[in-house]
Amino acid sequence: MVHPAITKYAFRISTRGGLVVDKLLIHGKDEGDAERKLRQMYQHCRILQCTVHRPGENTEPLAEAS
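The notes below deal with the structure included here.

What counts, and at which threshold
- Residues numbered from 1 in each chain as written.
- Predicted model: local features only at pLDDT ≥ 70, side-chain atom pairs only at ≥ 80, totals over all residues.
- Heavy atoms only, no water.
- Buried < 20%, exposed > 50% of the residue type's maximum accessible area, 1.4 Å probe, protein only.
- Helix = DSSP H or I, 4+ residues; strand = E, 2+ residues; numbered from the N terminus.
- Pairing = 2+ DSSP bridges.
- Core = buried A, V, L, I, M, F, W, Y, C linked by side-chain atoms within 4.5 Å.
- Salt bridge = Lys/Arg side-chain N within 4 Å of Asp/Glu carboxyl O.

Looking at the pairing of strand β1 (residues 7-14)
- In terms of residue burial, β1 counts as a mostly covered element, since 6 of its 8 residues are buried.
- As paired strands, β1 and strand β2 (residues 20-28) are joined by 7 bridges and run antiparallel to one another. Each residue of the ladder has a partner; that of I13, found in β2, is V21.
- In sequence, β1 turns back onto β2 through a hairpin of 5 residues, with G18 there showing a positive phi of about 95°.
- Of the strand pairs in this sheet, β1 and strand β3 (residues 46-53) are connected by 7 bridges, and their pairing is antiparallel.

This is how it looks when you write it as structure tokens:
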């Protein structure tokens, strides 16, 4: 049985208390799924940056706060 490659998303967030947390790796079917999982763990956080990590590919930023 062949499993599709797991896509991991690296988040940089600011918690509701203002602490910046970097390199939170969360796997998901897509960015929305990974963000949903992130928000279950870090309620009321602000996402500063999201980078996708796919096996065998270079990483690319998906979103960055201005």
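Concerning the nonpolar core
- Grouped together as the largest cluster of nonpolar side chains are 11 residues: Y9, F11, I13, V21, L24, I26, A34, L38, C45, C50 and V52.
- Elements with a contribution of two residues or more to this core: β1, β2, α1 (31-41) and β3.

Side note on the pattern of salt bridges
- Applying the stated criterion across every chain yields a total of 3 salt bridges.
- Residue D33 is joined to R36 by a salt bridge in which the shortest nitrogen-to-oxygen separation is 2.8 Å. Residue D33 and its partner R36 are both found in helix α1; the two are separated by 3 residues, about one turn of the helix.
- For D33, a relative accessible area of 12% corresponds to the buried category.
- Overall, R36 belongs to the partly exposed group, its relative accessible area being 43%.
- The partner of E35 in a salt bridge is R39, with the nearest N and O atoms 3.2 Å apart. Of this pair, E35 and R39 both sit in helix α1, separated by 4 residues, roughly a single helical turn.
- Connected through shared salt-bridge partners, D33, R36 and K37 make up one network.

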